[in-house]
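Topology and contacts: notes
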Amino acid sequence: MRKPIIIGNWKMNKLQQDAKELAKELIPLVQGSLADCAVCVPYTDLICVKEVLANTKIGVGAQNAHWADNGAFTGEVSPAMLEEIGISYCVIGHSERRQYFGETDKTVNMRTAAVIKHNITAIVCVGELLEEREEGKTENVLRKQITEGFKNFSEDDFKKIIIAYEPVWAIGTGKTATAEDANATILFIRNTIKELFGENVSQNLRILYGGSMNTKNVDELMSMPEIDGGLIGGASLKAADFARIVNYR
Ligand code: PGA
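What this report covers is the structure whose coordinates are included nearby. Remember, predicted model here, so these are calculated numbers, not experimental data. All residue numbers refer to positions counted from 1 along the written sequence of the respective chain. Given that the model is predicted, a residue must reach a pLDDT of at least 70 before its local features are reported, and side-chain atom pairs must reach 80 or more before they are shown or counted; all residues, however, enter totals for whole chains, interfaces and linings. Side-chain numbers come from the whole structure's heavy atoms, not from hydrogens or water.

**Focus on the pattern of salt bridges**
In the sections that follow, a salt bridge refers to a side-chain nitrogen of Lys or Arg positioned within 4 Å of a carboxyl oxygen of Asp or Glu. On inspection of all chains with the given rule, the structure shows 19 salt bridges. Close ionic contact of arginine 111 with glutamate 76 constitutes a salt bridge, the shortest N to O distance being 3.2 Å. Of the two residues, arginine 111 is situated in helix α5 (residues 105–117) and glutamate 76 in the loop between β3 (58–62) and α3 (79–84); the sequence distance between them amounts to 35 residues. Throughout, exposure labels follow a simple rule: accessible area from a 1.4 Å probe, protein chains only, divided by the maximum for the residue type, with under 20% read as buried, over 50% as exposed, and the rest as partly exposed. Classification of arginine 111 by relative accessible area gives buried; the value is 7%. Here arginine 97 ties to glutamate 103 by a salt bridge, and the two come within 3.7 Å at their closest N and O atoms. For the pair arginine 97 and glutamate 103, one class covers both residues: buried. The network of salt bridges with shared partners includes Arg2, Arg190, Glu226 and Asp228. A run of H or I in DSSP becomes a helix once it reaches four residues, and a run of E becomes a strand once it reaches two; helices and strands are each numbered from the N terminus.

Printed below as a string of structure tokens:
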């Protein structure tokens, strides 16, 4: 059985003092949760949040990583650097990176391969734009993101991979996919993975929903059989809200 996981994506929010306070507040609130739990924080918060969350059940992740171990890549951070400070997760290919920073399926592929090589679990984001959905292209878009994003990956690689399905039109907009739609699309993703990498990978792979997941819709979304967790943006910035999501019923 796949263990559910709820992951906070703080995006470019929280100076260190606030970051530490939020992390500290979370610890007792999520202690009894059945789901795994992690927060993906800005680079400058990684070390201090990691310290606060040491020996707790809350994992710490970054939001991007380069594909090389080192080199002339001004402004980038390598997976080796993240591994050195004990980071367990890294978001890759978030739609905001695809949209504003030229991330492509090819760079997603390279970053993911590098991250897992350093024993960091990659949270690989896929999802369609509103116009793609309206034109009925959702499945084609996802198939391409998956085929190219995981090109040359092995069955073993998927032990360090989580997929987050985030319809771009649902991110930060307050519009959530209906639980049925999210479930059906995640089933499509799982079937595509099965086609490409086999039954075993597809059954063990955790696939999350993301996009305006919050305290009000989490219970319904998490009741769906294909949805193995959530990637939470806005609602992860308040301890009580994020904890309520982690402790979904
Ligand atoms: P949101 O963001 O929950 O604020 O919609 C989700 C995400 O971008 O990962």
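**Thoughts on the site of the ligand**
To be near a molecule or strand, a residue needs just one of its heavy atoms within 4 Å of it. By nearness alone, 13 residues border the ligand, and Lys11, His94, Glu166, Gly172 and Ser212 come closest of all. Polar contacts, as counted here, are pairs of nitrogen or oxygen atoms within 3.5 Å of one another; within protein the pair requires one atom able to donate a hydrogen and one able to accept it, and residues that are adjacent in sequence qualify only if both atoms are side-chain atoms. For the ligand, an oxygen atom lies 2.6 Å from a polar atom in the side chain of histidine 94. In this structure, an oxygen atom belonging to the ligand sits 2.6 Å away from a main-chain N or O atom of glycine 172. When the free accessible area of the ligand is taken as 280 Å², the share hidden by the protein chains comes to 95%. Put plainly, a pocket is an open set of points on a 1 Å grid over the protein atoms alone with protein on both sides within 12 Å along at least five of seven lines, a cavity is a set where a 1.4 Å probe fits but cannot get out, and a lining residue has an atom within 4 Å of a point. Those molecules having more than half of their atoms within 2 Å of a cavity or pocket grid point set are described as sitting in that cavity or pocket. With respect to the pocket detection grid, the ligand is positioned in the second largest pocket. Three residue categories are used. Nonpolar comprises Ala, Val, Leu, Ile, Met, Phe, Trp, Tyr, Cys and Pro, charged comprises Asp, Glu, Lys and Arg, and polar comprises the others, including Gly. Among the residues making up the shell around the ligand, the classes are represented as four nonpolar, seven polar and two charged. For the area figures, the Shrake-Rupley method with a 1.4 Å probe applies, and any residue is considered shielded solely by the protein chains shown.

**Points about the side chain of arginine 111**
A polar atom in the side chain of arginine 111 sits 2.7 Å from the side chain of glutamate 103. We call two residues contacting when some pair of their heavy atoms lies within 4.5 Å. In contact with arginine 111, other than residues within four places in its own chain, are Asn64, Ala65, His66, Trp67, Glu76, Ile92 and Glu103.

**A look at the side chain of glutamine 145**
Counting through the fold element by element, glutamine 145 comes out in helix α7 (residues 138–149). Beyond its immediate stretch of four places on either side in the chain, glutamine 145 contacts Arg98, Asp105, Val126, Gly127 and Phe150.

**Quick notes on the nonpolar core**
If you look at the biggest cluster of nonpolar residues, it comprises 67 residues, and the most contacted ones within it are Val49, Phe150, Ile193 and Tyr209. In terms of residue count, the dominant contributor to this core is helix α8 (residues 179–197) (seven residues). Excluding anything up to four places from it in sequence, valine 49 contacts Trp10, Ala19, Ala23, Val39, Val41 and Val60. Side-chain atoms within 4.5 Å link the members of a nonpolar core, which is a set of buried Ala, Val, Leu, Ile, Met, Phe, Trp, Tyr and Cys residues. One finds Ile7, Val91, Ile162 and Ala164 within the second-largest nonpolar core, a separate group that totals twelve residues.

**Description of the pairing of strand β5 (residues 121–126)**
Consecutive side chains along a regular strand alternate between the two faces of the sheet. A large share of β5 lies buried, amounting to six of its six residues. Here β5 shows no split at all, with Thr121, Ile123 and Cys125 on one side and Ala122, Val124 and Val126 on the other all buried. Any two strands are treated as partners once DSSP identifies two or more bridges connecting them. Here strand β4 (residues 89–92) runs beside β5; their pairing, made up of four bridges, is parallel. Among the inter-strand pairings, tyrosine 89 is bridged to a residue of β5, identified as threonine 121.

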